[in-house]
Amino acid sequence: MSIINLEFALEQFPEVLKGVPATLAIAVVAMIFGLIFGILISLCRIYKIPVLNRFFIVYISFIRGTPLLVQLYVFFYGVPVLLDFLNEQIGTNFDAAQISPLIYAFIAYTLNTSAYQAEIFRSSINAVSAGQMEAAQSVGMTTAQGLRRIILPQAFVVALPNLGNTFIGLIKATSLAFAVKVVEIMAIAKIIANDGYRFLEMYLVASLIYWVISWVFELFFAWAENKLGRHEERIEGNAA
Amino acid sequence: MIKLKNINKKFNKNHVLKGIDLDVEKGDVLVIVGPSGSGKTTLLRCINYLERPDEGSISIEGFTVEGKYPSKRDVLELRRKTAMVFQNYNLFKNKTVLENVMEGLIVAKKMPKKEAREISASLLEKVGLAEKVDEFPSQLSGGQQQRVGIARALALNPSVILFDEPTSALDPEMVGEVLAIIKQIANEGITMVVVTHEIDFAREVANRVVFMDGGHIIEQGTPEEVLIHPKHERTQRFLKRLVKEPDYAI
Amino acid sequence: MIKLKNINKKFNKNHVLKGIDLDVEKGDVLVIVGPSGSGKTTLLRCINYLERPDEGSISIEGFTVEGKYPSKRDVLELRRKTAMVFQNYNLFKNKTVLENVMEGLIVAKKMPKKEAREISASLLEKVGLAEKVDEFPSQLSGGQQQRVGIARALALNPSVILFDEPTSALDPEMVGEVLAIIKQIANEGITMVVVTHEIDFAREVANRVVFMDGGHIIEQGTPEEVLIHPKHERTQRFLKRLVKEPDYAI
Amino acid sequence: MASGLAGWADLFIKVLDKLPLTLLMLGLSLFFSIILGVFVAIVRIQKQPVLYQLATFYLSFTRCTPLLVQLFLVYFGLPQLLLAFNIDINSWDRLVFLVIAFSFHTAAYLSEVFRSAYLAVGRDQLEAAYSVGMSYPQALFRIILPQAFVISLPNLGNNIIELLKDTSLAFTIGIIDIMGQVRIILGNNHGMGMFQIYVVISLVYWGTCILIESAIGFLENIFKKGRVSISRQ
Amino acid sequence: AGNEADDGKKVIKVAISDEVNPPFLYADENNEPIGYDMDYMKEIEKKLPDYKFEYIWGEEESNLVGVDTGKYDFAINWFFKNPERQEKFLYPEHEFGYSLTSLVTKKDRDDIKTLDDMVGKKFPPVSPSGGLRAILNAYNDQHPDNPLTLESMDSPSNAENLKMVDKGKADAMFINVTTFNEIQKELDLDLKVAGIISKEPIYAVYSKENKELAQKIDQATVELTEDGTLSKLAEKWFGVDFFQDLDYINEKGFNFEE
Ligand SMILES: Nc1ncnc2c1ncn2[C@@H]1O[C@H](COP(=O)(O)OP(=O)(O)OP(=O)(O)O)[C@@H](O)[C@H]1O
Ligand SMILES: Nc1ncnc2c1ncn2[C@@H]1O[C@H](COP(=O)(O)OP(=O)(O)OP(=O)(O)O)[C@@H](O)[C@H]1O
Ligand SMILES: [Mg+2]
Ligand SMILES: [Mg+2]
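Residues numbered from 1 in each chain as written. Chains lettered and ligands numbered in written order. Predicted model: local features only at pLDDT ≥ 70, side-chain atom pairs only at ≥ 80, totals over all residues. Heavy atoms only, no water.

Chain D is annotated in an unreviewed UniProt entry as Amino acid ABC transporter permease of Siminovitchia fortis. According to its UniProt record, chain D has this under Subcellular location (unreviewed entry): "Cell membrane". UniProt annotates chain D under Sequence similarities (unreviewed entry) with the comment "Belongs to the binding-protein-dependent transport system permease family." (UniProt positions renumbered as here; feature names shortened; annotations may be inferred.)

(A) Spatial organisation of the site of ligand 2. Taken together, 20 residues form the shell around ligand 2, and within it B:Ser36, B:Thr41, B:Thr42, C:Ser141 and C:Gly143 come nearest. More than one chain reaches ligand 2: the nearby residues come from chains B and C. Here an oxygen atom of ligand 2 and a backbone polar atom of B:Ser38 are 3.2 Å apart. Here C:Gly142 contributes a backbone N or O atom positioned 3.4 Å from an oxygen atom of ligand 2. Protein contacts shield 90% of the accessible area of ligand 2, which totals 630 Å² for the unbound molecule. Among the secondary structure elements, those contributing two or more residues to the shell around ligand 2 are strand E2 (14-24) and helix H1 (40-47) of chain B together with helix H5 (142-155) of chain C. (Near = heavy atom within 4 Å. Polar contact = N/O pair within 3.5 Å; in protein donor to acceptor, adjacent residues only side chain to side chain. Areas by Shrake-Rupley, 256 points an atom, 1.4 Å probe, with all protein chains shown as cover. Helix = DSSP H or I, 4+ residues; strand = E, 2+ residues; numbered from the N terminus.)

(B) Examining the arrangement of the chains more closely. If you rank the 8 pairs of chains in contact by how many contacts each has, first place goes to chains A and D. Nothing in chain B touches chain E, and the closest approach of their C-alpha atoms is 47 Å. Separated throughout, chain C and chain E approach each other most closely at a C-alpha pair spaced 49 Å apart. (Contact = heavy atoms within 4.5 Å.)

(C) Molecular detail of the relation of the copies chain C and chain B. At an RMSD of 0.0 Å, chain C and chain B line up after a rotation of 180° and a shift of 0.0 Å along the axis. A rotation of that kind, with that shift, is consistent with a two-fold axis. No C-alpha of chain C approaches the rotation axis more nearly than that of C:Ser168, which lies at 2.4 Å. (Least-squares fit on C-alpha atoms with pLDDT ≥ 70 in both.)

(D) Examining the nonpolar core more closely. Ranked by size, the top nonpolar core spans 212 residues in total, and within it A:Tyr109, A:Ile125, B:Leu124, B:Phe163 and B:Met192 carry the most contacts. Composition of this core by domain shows at least three residues from each of domain 1 (1-38 + 169-245) and domain 2 (89-158) of chain B. Setting aside chain neighbours within four positions, we find B:Phe163 in contact with B:Leu44, B:Val85, B:Ile150, B:Leu154, B:Ile182, B:Met192, B:Val193, B:Val194 and B:Val195. Of all hydrophobic cores here, the second largest spans 105 residues; its members include C:Ile58, C:Ile60, C:Val97 and C:Val205. (Core = buried A, V, L, I, M, F, W, Y, C linked by side-chain atoms within 4.5 Å. Buried < 20%, exposed > 50% of the residue type's maximum accessible area, 1.4 Å probe, protein only. Domains from an automatic or database assignment.)

(E) Expanded view of the site of ligand 1. Taken together, 21 residues lie around ligand 1, and B:Ser141, B:Gly143, C:Ser36, C:Thr41 and C:Thr42 are the ones closest in. C:Gln87 is positioned such that a nitrogen or oxygen atom in its side chain is 3.0 Å from an oxygen atom of ligand 1. Elements supplying a minimum of two residues to the shell around ligand 1: helix H5 (142-155) of chain B together with strand E2 (14-24) and helix H1 (40-47) of chain C. Each residue belonging to the shell around ligand 1 can be placed in one class, and the counts come to 3 nonpolar, 14 polar and 4 charged. (Nonpolar A, V, L, I, M, F, W, Y, C, P; charged D, E, K, R; others polar.)

(F) Looking closely at the coordination of the magnesium ion (ligand 4). Residue and element names in this part refer to chain C. For the magnesium ion (ligand 4), the full set of protein donor atoms is Thr41 (OG1) and Gln87 (OE1), and the range of their distances to it is 1.8 to 2.3 Å. Here Thr41 is found in helix H1, whereas its partner Gln87 is found in the loop between strand E6 (82-85) and helix H3 (97-107), with 46 residues between them in sequence. Given the relative accessible area of 23%, Thr41 is considered partly exposed. (Donors = N, O, S within 2.8 Å, 3.2 Å for Na, K, Ca; no water.)

(G) Fine view of the coordination of the magnesium ion (ligand 3). The protein atoms donating to the magnesium ion (ligand 3) are B:Thr41 (OG1) and B:Gln87 (OE1), with metal-donor distances spanning 1.9 to 2.3 Å. Classification of B:Gln87 as buried rests on a relative accessible area of 13%.

(H) Local environment of the environment of B:Gln184. Residue and element names in this part refer to chain B. Among the structural elements, Gln184 can be located in helix H6 (residues 172-187). The exposure class assigned to Gln184 is partly exposed, which follows from its relative accessible area of 35%. Sequence-wise, Gln184 and Asp134 are 50 residues apart; in three dimensions their C-alpha atoms are separated by 27 Å.

(I) Structural view of the packing of aromatic side chains. Residue and element names in this part refer to chain E. Enumeration according to the criterion identifies 43 aromatic pairs over all chains in this entry. On the basis of an interplanar angle of 10° and a centroid distance of 5.8 Å, the ring pair of Phe24 and Trp78 is categorised as stacked. Highlighted residues: Phe24 in the loop between strand E2 (10-17) and strand E3 (26-27) and Trp78 in strand E6 (residues 74-79), separated in sequence by 54 residues. With respect to class, Phe24 is no different from Trp78; both count as buried. (Phe/Tyr/Trp six-rings, centres within 6.5 Å; stacked < 30°, edge-to-face > 60°.)

(J) Structural view of the interface of chain C and chain B. At the interface, 39 residues of chain C touch 38 residues of chain B. The junction of chain C with chain B conceals about 3,400 Å² of combined surface from both sides, 49% of it contributed by carbon and sulfur atoms. When the shortest N-O distance is used, the salt bridge between B:Arg234 and C:Glu173 registers 3.1 Å. At the boundary of chain C with chain B, the tally comes to 12 residue pairs in polar contact (both at pLDDT 80 or more). If you tally residues by element for the side of chain C that touches chain B, the top one is helix H9 (residues 233-244) of chain C, at 6 residues. Looking at the side of chain C that touches chain B residue by residue, the classes come out as 13 nonpolar, 13 polar and 13 charged. (Buried area = accessible area lost by both parts, 1.4 Å probe. Salt bridge = Lys/Arg side-chain N within 4 Å of Asp/Glu carboxyl O.)

(K) Spotlight on unusual backbone geometry. Phi at A:Lys48 takes a positive value of approximately 45°, unusual for a residue other than glycine. Positionally, A:Lys48 belongs in the loop between helix H2 (20-46) and helix H3 (50-65). The exposed category is assigned to A:Lys48, whose relative accessible area is 59%. Its identity as a non-glycine residue notwithstanding, B:Tyr89 has a phi of 70°, on the positive side. With a relative accessible area of 12%, B:Tyr89 lands in the buried category.

(L) Molecular detail of the interface of chain D and chain A. With 56 residues of chain D at the contact, the number on the chain A side is 57 residues. Here chain D and chain A share an interface that buries about 4,900 Å² over both sides, 58% of which is from carbon and sulfur atoms. Sorting the residues of chain D by area buried against chain A places D:Cys64, D:Trp206 and D:Ile230 first, and these three jointly supply 15% of that buried surface. Our enumeration of links across chain D and chain A arrives at 4 salt bridges. The salt bridge involving D:Arg115 is made with A:Glu225; its shortest N-O contact spans 2.9 Å. Joining chain D to chain A, the criterion identifies 23 residue pairs in polar contact (both at pLDDT 80 or more). Listed by contribution, the elements that provide at least two residues to the side of chain D that touches chain A are helix H2 (19-46), helix H3 (49-64), helix H4 (67-83), helix H5 (94-120), helix H6 (123-131), helix H7 (136-166) and helix H9 (194-223) of chain D. Here the element with the most residues in the side of chain D that touches chain A is H7(D); it accounts for 10 residues. Looking at the side of chain D that touches chain A, its residues break down into 31 nonpolar, 15 polar and 10 charged.

(M) Here's a closer look at the sheet that holds strand E9 (residues 208-213) of chain B. Residue and element names in this part refer to chain B. Spatial strand order, E6-E7-E8-E3-E9-E10: 6 strands in an open sheet with mixed pairing. Where the open sheet ends on each side, the last strands, each with one partner, are strand E6 (82-85) and strand E10 (216-221). Strand-to-strand twist in this sheet, taken as the mean axis angle between neighbours without regard to direction, amounts to 15°. As paired elements, strand E3 (residues 29-33) and E9 share 4 bridges and run parallel to each other. Looking at E9, one finds that Ile32 is bridged to Val210. (Pairing = 2+ DSSP bridges. Axes fitted to C-alpha atoms, helices over the stretch in contact; angles between N-to-C directions.)

(N) Geometry of the side chain of B:Asp171. You can see B:Asp171 is positioned in the loop between strand E7 (160-164) and H6. One buried charge, B:Asp171, has no salt-bridge partner; the nearest side chain with opposite charge is C:Lys40, at 5.7 Å. Excluding its chain neighbours within four sequence positions, the residues that come into contact with B:Asp171 are C:Gly34, C:Pro35, C:Ser36, C:His197 and C:Phe238. (Lys, Arg positive; Asp, Glu negative; His and termini not counted.)

(O) Region of the structure containing helix H3 (residues 97-107) of chain B. For H3(B), a buried count of 10 out of 11 residues is recorded, marking the element as mostly surrounded by other parts of the structure. Those residues of H3(B) that fall on the buried side of the exposure criterion are B:Val97, B:Leu98, B:Asn100, B:Val101, B:Met102, B:Glu103, B:Gly104, B:Leu105, B:Ile106 and B:Val107. Buried residues belonging to H3(B) abut helix H7 (143-173) of chain A together with helix H4 (113-126) and H5 of chain B.

Below, the structure is given as structure tokens:
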């Protein structure tokens with residue numbers, strides 16, 4: 001008997017595909033908001049904005065330092081307790097059971113990835129030469145304008161490979177959301193696998209799906225890197 | 001027009017500007033000459049607060065900014081009165097030649113794109129770059145980049161233009177063009193401060209010359225006074241090399 | 001000594017070097033002049049294969065490298081025979097001034113550190129940077145950076161030194177120093193190719209001059225022949241500006 | 001389970017007891033993944049024909065499939081594969097399989113970190129190195145990588161911390177690390193005291209993370225010499 | 001697998017699961033496995049002196065994959081049998097113990113006795129893996145028109161789930177009686193076992209290649225059952241001999257009703 005029953009795996013493909021929307025929703029929502037927060041946080045750190053700089057150092061440390069699972073639990077178990085408390089104290093009538101687990105996932109994943117993206121942007125913004133900002137200011141731009149029009153577009157090119165890492169990491173990390181009842185690719189795979197202990201088959205199916213999704217995004221990131229980086233005379237290999 | 005009072009600037013322990021006072025009249029072309037490392041670039045950068053002086057005040061058209069920690073709004077206003085040509089060009093790497101020139105017009109001056117494009121294209125033609133408008137800075141030769149920098153500053157049409165060695169990468173032909181342009185806009189009443197080490201160029205373009213050394217202004221006056229009949233011994237020594245070898249001069 | 005044959009180079013469709021042939025003798029100081037964008041820098045960069053020519057061959061001291069895809073070993077050997085001063089300095093940003101100069105000696109020439117340090121320090125003193133040895137390039141003025149670049153190339157003591165506008169950021173005093181240094185090492189038999197747009201400097205330093213335009217060599221000969229009595233109309237026009245305004249020249 | 005201060009302390013001691021093992025896995029995996037990561041990055045930057053395709057495929061596979069699956073492949077699949085060639089590695093320590101899997105996994109991510117940092121170092125730096133007669137490897141190690149290293153540090157931090165947390169997968173193949181310890185305790189309690197246990201494990205991870213962050217910050221300070229940030233103003 | 005130990009015994013690698021389940025299987029202070037399963041293994045070891053058992057902790061899924069690929073010889077925890085699984089793995093013929101599954105509700109409820117009563121009612125989240133899930137899935141397969149509503153979640157906490165039932169946020173929890181009793185000792189919730197659903201035989205799980213070993217152990221298991229050793233172990237760990245029938249067990253107080 002062969003270890004992997006391919007026929008079984010093929011049969012289950014459509015079922016597992018049903019998890020794709022949840023995976024994509026969490027990854028894309030978290031990525032987009034994470035991008036925005038990440039940039040803002042990195043700027044607070046680069047410009048050493050008094051209180052915020054300290055705050056975000058701790059924030060980044062905390063978010064990166066504790067397991068994502070724990071962060072999910074904090075919202076999943078914490079919010080209902082908080083709502084119950086509110087209901088008692090000020091007589092509101094929130095029903096925690098009505099909140100879709102997806103919402104907890106959105107919040108937790110966004111907060112989580114923001115911390116990582118803040119570090120990505122801190123490094124890529126610092127890689128842009130200071131002269132670029134001076135030039136922007138010399139033509140009368142405000143710092144904000146200079147950041148938006150000159151610095152960030154250049155920093156983005158540097159950041160892209162790392163953003164790719166983060167996004168693909170995010171896609172795979174959505175499987176953790178099963179711990180708060182979000183049923184995505186890996187969750188479905190596990191549920192099916194349990195019946196006949198066909199873990200290998202189902203992991204194969206899940207991996208393929210993850211791979212295809214991520215691969216599409218890999219292509220996208222590579223394309224974007226080329227497109228956005230066209231202005232640069234890039235240091236290439238050792239040719240000449 | 002421009003009034004600098006007691007400008008002091010230190011980099012750590014290196015005291016680079018030691019109480020500079022300077023007045024420039026409207027429409028003046030003030031040339032600053034001096035040995036390498038004497039603080040010319042630093043002084044220029046202080047005028048639009050790219051470098052914050054430790055002490056002193058700067059006024060342009062009666063608008064004064066003072067001290068090391070002025071408000072952002074004041075600094076922005078000061079900068080909008082000036083434009084700058086950098087010693088190392090500092091073009092926007094992610095923008096084409098044309099966009100480099102348009103950028104300030106669109107963003108800081110809120111000019112409509114079409115108008116900005118026309119102004120920029122015509123200036124780029126003036127400096128001989130009509131063919132290069134769609135290239136990125138990384139694809140240009142040194143002199144071409146410098147000319148983009150000049151066009152970028154001119155396009156803004158500010159009250160004051162600060163030039164940091166604007167002809168260092170230019171051949172004699174091009175130097176002639178730039179000279180003509182500077183003279184022309186001086187006639188339009190724009191004030192210019194030019195740092196240069198090309199004494200020939202200085203003589204032709206300046207109506208006032210300042211000689212700096214070691215963070216001090218040593219001598220100032222007309223080009224004649226400073227560059228041909230310098231009074232101060234340091235200035236004489238600085239200019240000596242050119243005078244000493246007359247057989248090569250034309 | 002240096003022999004270029006039929007060097008052709010295109011950037012996409014822009015044909016920048018159009019079949020350049022050139023011979024330089026040992027100990028020669030060859031100066032290349034020409035308008036901005038004419039291909040001077042590109043030619044210089046082809047000589048040490050920083051830019052790969054699309055066609056043609058380059059020999060230095062009889063060692064020949066050819067075509068667009070030579071072996072890495074050949075290119076390395078060619079480069080070890082040369083040193084270069086860049087138009088925009090290109091200092092190692094993560095190294096101090098002293099380390100910038102020592103780096104090539106230690107790594108490429110395998111010189112003991114102590115010796116490398118002595119040579120470097122004495123060269124830096126020569127170009128007036130004794131005080132700046134422990135600073136980083138970002139803390140230097142333009143002229144100071146350029147001098148570090150010059151010292152870095154000189155330190156290597158190669159057969160050939162390529163200078164790309166080595167005095168563009170230097171004041172007349174310093175230009176004099178550099179001139180003296182170049183003359184001195186020419187006497188030691190080092191061959192030099194200098195791109196410059198400072199005609200005065202070219203006259204004094206060169207024993208041969210090449211005038212380039214649009215990717216061609218238009219004219220070559222002694223400084224006298226090319227710079228004072230140019231035969232070609234293009235050369236004459238290029239030099240005209242200086243001749244036209246004799247009242248400012250000394 | 002015991003509650004109160006003694007309970008907490010007991011829990012902490014049990015978890016901390018496994019910290020050295022976690023750090024060992026982290027250190028070994030990091031070491032190998034940096035080496036492999038630099039290599040893959042350089043191959044991809046240089047675009048050398050066959051190697052490039054291989055590296056890109058490797059990158060895609062390791063980044064895009066779950067780490068757990070890779071761990072299974074190495075731990076369960078590799079011995080079977082080798083057995084076909086009459087090589088029996090089933091008796092190897094589980095730690096070895098773990099380190100292999102994690103090194104391959106993390107190296108993929110690190111290679112992108114290094115690649116982006118390498119590309120952010122200007123080409124002028126490489127040319128300058130060539131002009132003083134350095135070979136490519138010399139230029140790489142003396143000029144380019146030191147500068148790329150600073151740029152990559154924050155991203156390196158991100159990935160090291162991810163790796164730290166990934167080590168918790170060790171328990172799936174029976175290595176009792178700090179997370180494994182916690183799961184055993186949780187199992188013994190039928191999931192009671194979950195809150196307390198997760199507080200403890202979070203604190204232990206966070207503490208380790210702070211150590212990593214301090215090290216990264218320290219390195220950033222040392223290596224940033226000569227660099228000027230846009231926030232200079 | 002299958003190395004020789006120093007003393008010439010054949011080493012058997014046994015995967016034990018972290019989804020531990022006292023008193024079947026759990027860990028002592030030094031993370032050594034203890035419980036009914038381990039005592040059973042010790043008895044087996046006495047019967048089969050040629051083998052030396054080596055225990056390896058791991059996640060349940062990983063353990064099964066390991067058995068599947070031949071990395072481990074067999075896995076032990078409290079695996080239930082079903083036809084799909086039998087296709088994949090080798091189950092011995094005879095069980096070595098039982099697990100009693102039950103529905104737990106609030107003490108004042110009488111409407112829930114069997115799984116049928118749970119149609120249209122709410123369970124707390126169920127783990128995707130494990131034998132309990134398999135029983136529920138099987139029920140749904142048999143009643144495609146009236147299925148149970150199941151909500152899945154990765155490693156749900158039994159204690160949290162019971163609290164949900166206690167607070168009225170779920171109607172009943174499907175849980176092992178022993179597990180419930182252990183938790184109830186600690187939490188003392190307002191809950192009861194409303195009905196025993198099944199007495200599930202439990203097995204060790206072997207890879208299909210391991211016929212010989214499985215047979216030998218199976219043989220030993222039969223002997224241990226017949227000579228009453230396992231009954232004694234059951235008394236020791238569960239307070240009741242679950243080899244007897246359900247009525248006897250209920251009488252003996254497996255049910256936590258007072
Ligand atoms: N990397 C590049 N990509 C595309 N075009 C380039 C590149 N480098 C140079 N060029 C073009 O090649 C031509 C010659 O450039 P080069 O730098 O050799 O000029 P140059 O003679 O040194 O000029 P300058 O005196 O201004 O430095 C220019 O038109 C320039 O735009
Ligand atoms: N960012 C900096 N940090 C530290 N020192 C600096 C910095 N910028 C300039 N300096 C020092 O200040 C002095 C003046 O520099 P500045 O650039 O103003 O000289 P300069 O007159 O423009 O010279 P050059 O003609 O060579 O461009 C120099 O000694 C330089 O080393
Ligand atoms: Mg300067
Ligand atoms: Mg040039």
